[in-house]
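# Report on the structure
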Amino acid sequence: MEREIELRPGKTSDARPVESKLAGRPRSLTHDALRRLWRDRAAVVSAAFLLFMIIISLSAPLIAPMDPTVTDLPNRLLPIGSPGHLLGTDELGRDMLSRLIWGGRVSLLVGFIAVLVAMSAGVVVGLLAGYFGGWVDSVIMRLIDILMAFPSLLLAIAVVASLGPGLTNAMLAVSIVGIPYYARIVRGSVLSLRNQEFVQAARVIGASDLRIIVYHILANSLAPLIVAATLDVGWMIMAAAGLSFLGLGAQPPTAEWGVMLSAGRQQIRNAPHISILPGLMIFLVVLALNFLGDGVRDAMDPRLRQ
Amino acid sequence: MFPKRTFLAWVVALCLALVSASVAVPLAYAQEPKAGGTIIVGLQAEPVTLDAPQVTDYNTIRAAYNLYDGLLRFKDESTEVEPGLAESWEISEDGLEYTLHLRKGVKFHDGTEFNAEAVKFNIERQIDPNHPYHDTGDFAYAEFTWGAVKQVDVVDEYTVKITLEYVLAPFISHLAMHPAFMVSPQAIKTYGRDISINPVGTGPYRFVSWTPGAEIVLERNPDYWGKPAYVDKLIFRPIIEDQARLTELLAGGINFMVNIPPDDLERLRNDPNFKVVEQTGMHTWWVYFNTLKKPFDDVRVRQALNYAVNKQAIVDNILKGTGVLAINPLPPVVWSYTDEVERYDYNPEKAKQLLAEAGYPNGFSCIFWTPESGSGMQQPVLMSTAIQADLKAVGVDCQIKTFEWGSFLEQGVVPPDKNPEWDLMAFSWIGDNGDPDNHLYILLSGDQWPPNGFNCGYYKNEKVDELLRLGRTTLDRAKRTEIYQQAQKLIVADAPWIWIDHETQIVVMDKRIQNFKLHPTGPFRFADVWIEQ
Amino acid sequence: MTRYVVQRVLSLIPVLIGVTLLVFLIMQLAPGDPVKIMLGPRASEEAVNQLRRDMGLDQPMHIQYLRWLGGVLRGDWGRSIQLKREVLPYLAGRFQNSAYLMVLALSAACLVGVPAGIVSAIRQYSLGDRVAMVLVLVGFSTPVFWLGIILQIVFGLMLGILPVSGIQSPGQTGTLDLILHLILPSATLATGPMAIIARMTRSSMLEVIRQDYIRTARAKGLRERLVISRHGVRNALIPVVTVIGLQAGYLLGGDILVEMVFSYPGIGLAMVTGILARDFPIVQGAILMVASSYVLVNLITDLAYAYIDPRIHYGT
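Everything quoted here is computed from the prediction, not taken from an experiment.

### Quick look at the overall build of chain B
Helix and strand content of chain B: 16 helices and 20 strands. Against the globule reference of 24 Å for 533 residues, chain B gives a C-alpha radius of gyration of 24 Å, in line with a compact fold. With the C-alpha coordinates aligned to their principal axes, the bounding extent of chain B is approximately 70 × 65 × 40 Å. For chain B, restricting intrachain contacts to residue pairs at least 6 apart in sequence, the fraction spanning at least 24 positions comes to 69%. For chain B, the accessible area works out to roughly 19,400 Å², and carbon and sulfur atoms hold 50% of it. One finds the centroid of the 48 positive side-chain charges in chain B at a distance of 4 Å from the centroid of its 71 negative side-chain charges.

Here you go:
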């Protein structure tokens, strides 16, 4: 709550003129940014599509025509448009439409949660490194370097190999792989903010480290983080699909787009729709996230506009 | 777009096939075996060694097999033994001494002589920790194959005597297994551990090159002691993805393929350019019950779950005829097999009734482990998911956990005091030597709970144990048959597993490849194969 | 400059030790015994124990790691548990294969990505810009393993013009044969870096053409083409070089999924099979190789950066 008030330019006290001036910026920036974003048609359409997908996923139990786990072996691999199965059936005779709806729920959840976990961990690590500097920074950055030097999917595979396959572990694995990305972004913005006047001023008037980090530094690093996160959700969904391809993802009979896609590849000649449909969904969602991420970035960085 | 086009292509191809088949059949039989040509085999993974005694998997033995001859060999399409490098043999009255008379004039590919010393060297290399060349390899099968051997004596240059510690009826079959393939002692001395990538045997083919990840090349051995092979070169290529391997076959990058995806088999059967060779293997695929845990200690529950699974539907729809329905843990190709056992045909009503009788009218929940893949596991995840759905239909709610093969074996196959988490576990077995002992004893005897053997569900029936012990120490085939048939009836009535199918070994090859015969023990023999020009 | 390079190289050592230590620990934590996996289910306890002794796997963890590290320093990378051969020559071959793929994929990515980015930036918001950016995103948003399978069917089977798996035709070793085998996997692999490079070029170019010196150049009456090529592109490419360097580093690690789909014997595939078999010597050796190449490429990129951009000096 307090932060809300602080961010409003009109209500900040005169005792902190420097802070009020700079802390006020995000508000008007956000406002302008939203206005600019609204004018970016690709981003708006993408956002609408993503919202639609999220609504569909949330209401999966209500709208899915069938139980996505009930098999019907004699009626497997039915084509699109079969009576009773609008989008056909998969390799065990399960309804494709229902599985796509339920699968979206899982895939989107994996993408968002993985990003959230990676971002939270990355932010904490990046803030610590950037703010305290010195040996803290050196140690953390060496650890980050170590993580970065790993081929990303390999690290995820190794993590899943030791934790055991499954959705939660796959999610955790791709999150760990994502940490350095956020840590570096945050550290970068901290380094550029650390010595700015408003931070120094806050320090002078006796604000605690935690307060400075959260209210002054983090608040001002949000823009690049949001952009990065939007673009990253798609990457996480693809990485999780990659783990599913290797058999390390969601456990049967859970529907998840990556699992559906990789199981369906065995039927690419006989029933291409069972891999094309989940592939298409992943593709559309990732594409939409990229357009939205681009739009947000362009909107927040006015220099890129004409 | 392409399904339509391929469909048309298939129709055209089918018509052509019908026309050409009617014309071509008489011609095909007129062909005489011809030398020449190359067979390119698409394997599903890279072989790990070409040193036969070190082989532990099918994929590898397929590449290594043609480099060697065994002391004995399995007859074509059978598990009966016939002379190999040993021309004849005698077994002493007490069943403890095996005297082998070796073939004369056989040379290893490096030109050195094959003789009794070489036999002694090969066996002792595997089993004697003090043998100077014991550390030139890892011999996983040594214990199984030679565990009963007390000593090996050279009687004269071409006679060797193997003495056993105890009577072991299946031992004669062991002499035809890959640990009894003879490797040149000279080469082992020269290459040390690298014999693994510089194999030297006596077989119809000799080693040319191995480019890791790309190909293994073998060429015809012109100095073979027997009838030389016809085909000039054998090339083995690892192609991991099933669909990629199929594309390579259709595009001509390989002309011989393993692991055909069941759903694509029908189309290959109808393709005039290819032929499908198949044979029911010594294989069984099943689900273990952990019989020490409730409720699986109750035979009614185990029977109920057997009734609940529509095995025929799995065989027909998922395996598409690449397996035959199993009604018995023993595969039908193994002698002593009987189908006069209790049947558990699909009957969900009966399953529910049995569950109610056992005190579980509303079912229960349990944990079902299955590997992602693995030797002989066919399509483990798909099959397990189908079983899971069938069990759910009678109220048994199981949660599947998949594992990669390595951790699956490590965590699933454990002694009972480790108290494994699973209630149900998918597994499969491929017989090594065609002896019923190799299935029934090792998988179902109370003596063979892990870590001794693979009775992973801790099934125990004193009567069965007694019969199985008797079976492996009796030499008379007729008596053994009777013993094993009795054991099968008892085992099936106890329903310690849900057995699903026996895999049919299937390979698809260019139709010009002639006279290829599959063998129940799995390897590919190319010595008698030729290619029609 | 020399001092800077030496310092950077020295700072790589703790990173490399960290990477190998981390993978060692993860592999130790992973359930699954390499010896049991290799010897198969039917091996006797005795054979298992013996192999464990032979491989030094019965030693405490830290001894195992230090032994391995000592071996590496002496040029002995150990023997693979599963493949029964020397690790170093085996992995060197695999690494070389991945490097071929990297070079081809990255060249393709640059050849398409950089011009696409430049043209898009010059004509920002034109139809061409939109189409180009959508196309690179399309490539980027398609899961590679799925794209790979589609390419195999279209080019290998339907059109029948390209080999679909492996690195050479049976019995052949020619360069042309190699290049033919590289086309489909490198095309699949190039989609990701291509998108990243194109987008980076575009945004960098957008930034540059708003700079004062471009305005000055235009004001001087320089023709637009010259302004762009002489002043714009050269400056815009500086950050792109970093991105290309990063991508090169990543791709040298071998793309596991692409190598799997195409059964391409690269280092990524070697690592996955190594992990699944718990083959420590292979996994650690491969990670060491990949991580070293990654940090070295990064170092070279940084130096190249300094060379291209005269504003940067390394005084220390």
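### A look at the packing of helix α4 (residues 61-73) of chain C against helix α13 (residues 280-308) of chain C
A pair of packed helices is characterised by two quantities: the angle between their axes and the separation of those axes. Residues and elements named next belong to chain C. At their nearest, the axes of α4 and α13 sit 12 Å apart, and the two run at 50° to each other. Taken together, the axes of α4 and α13 lie oblique to each other. α4 and α13 meet at a crossing whose hand is right-handed. Judged by residue contacts, Tyr-65, Trp-68 and Val-72 of α4 engage Gln-284, Gly-285 and Leu-288 from α13. Looking at the contact of α4 with α13 residue by residue, the classes come out as four nonpolar, two polar and no charged.

### Concerning the domain arrangement of chain C
Residue and element names in this part refer to chain C. Assigned domains within chain C: domain 1 (2-74) and domain 2 (94-308). The distance between the C-alpha centroids of domain 1 and domain 2 comes to 32 Å. Taken residue by residue, the interface counts 22 residues in domain 1 and 19 residues in domain 2. Surface buried jointly by domain 1 and domain 2 totals about 1,800 Å² across both partners, of which 80% is contributed by carbon and sulfur atoms. Counting every contact that joins domain 1 to domain 2 gives one salt bridge.

### Considerations on the confidence of the model for chain C
Across chain C, the average pLDDT comes to 84, with 96% of residues at 70 or higher. In the predicted assembly, ipTM is 0.85 and pTM is 0.87.

### A few points about the pairing of strand β4 (residues 86-91) of chain B
Residue and element names in this part refer to chain B. In terms of strand pairing, β4 meets strand β5 (residues 97-102) through five bridges, oriented antiparallel. Residue Glu-90 lies in a different strand from β5, and its bridge partner there is Thr-99. Following β4, the chain reverses through five residues before pairing antiparallel with β5; Gly-95 in that reversal takes a positive phi of roughly 75°.

### Observations concerning the side chain of Asn-310 of chain B
For Asn-310 of chain B, the location among the structural elements is in the loop between α9 (299-308) and α10 (311-318). What makes Asn-310 of chain B buried here is its relative accessible area of 19%.

### Quick look at the interface of chain C and chain B
With 44 residues of chain C at the contact, the number on the chain B side is 48 residues. Residue Asp-138 of chain B is joined to Lys-84 of chain C by a salt bridge in which the shortest nitrogen-to-oxygen separation is 3.5 Å. Among the elements of the structure, α2 (34-39), α3 (45-54), α5 (87-122), α7 (144-158), α11 (256-261) and α12 (267-276) of chain C are those that each provide at least two residues to the side of chain C that touches chain B. The biggest single contributor to the side of chain C that touches chain B is α7 of chain C, with six residues.

### Some remarks on the sheet that holds β5 of chain B
All names here are of chain B. Spatial strand order, β4-β5-β7-β6: four strands in an open sheet with antiparallel pairing. Pairing within the sheet leaves two strands with one partner each, and these edge strands are β4 and β6 (149-156). Across the sheet, the mean angle from the axis of one strand to that of its neighbour is 20°, orientation sign disregarded. Sheet analysis places β6 next to strand β7 (residues 159-164), joined by six bridges and oriented antiparallel. Within β7, the residue paired with Val-149 across the bridge is Leu-164. Across the sheet, helix α3 (residues 116-127) is in contact with β5, β6 and β7; its angle to β6 comes to roughly 165°.

What counts and what doesn't
- Residues numbered from 1 in each chain as written.
- Chains lettered and ligands numbered in written order.
- Predicted model: local features only at pLDDT ≥ 70, side-chain atom pairs only at ≥ 80, totals over all residues.
- Heavy atoms only, no water.
- Helix = DSSP H or I, 4+ residues; strand = E, 2+ residues; numbered from the N terminus.
- Rg over C-alpha atoms; globule rule 2.2 N^0.38 Å.
- Contact = heavy atoms within 4.5 Å.
- Areas by Shrake-Rupley, 256 points an atom, 1.4 Å probe, with all protein chains shown as cover.
- Lys, Arg positive; Asp, Glu negative; His and termini not counted.
- Charge placed at Lys NZ, Arg CZ, Asp CG, Glu CD.
- Axes fitted to C-alpha atoms, helices over the stretch in contact; angles between N-to-C directions.
- Parallel < 35°, antiparallel > 145°, perpendicular 65-115°, else oblique.
- Left-handed = near helix turned anticlockwise from the far one by under 90°.
- Nonpolar A, V, L, I, M, F, W, Y, C, P; charged D, E, K, R; others polar.
- Domains from an automatic or database assignment.
- Buried area = accessible area lost by both parts, 1.4 Å probe.
- Salt bridge = Lys/Arg side-chain N within 4 Å of Asp/Glu carboxyl O.
- pLDDT = per-residue confidence, 0-100.
- Pairing = 2+ DSSP bridges.
- Buried < 20%, exposed > 50% of the residue type's maximum accessible area, 1.4 Å probe, protein only.

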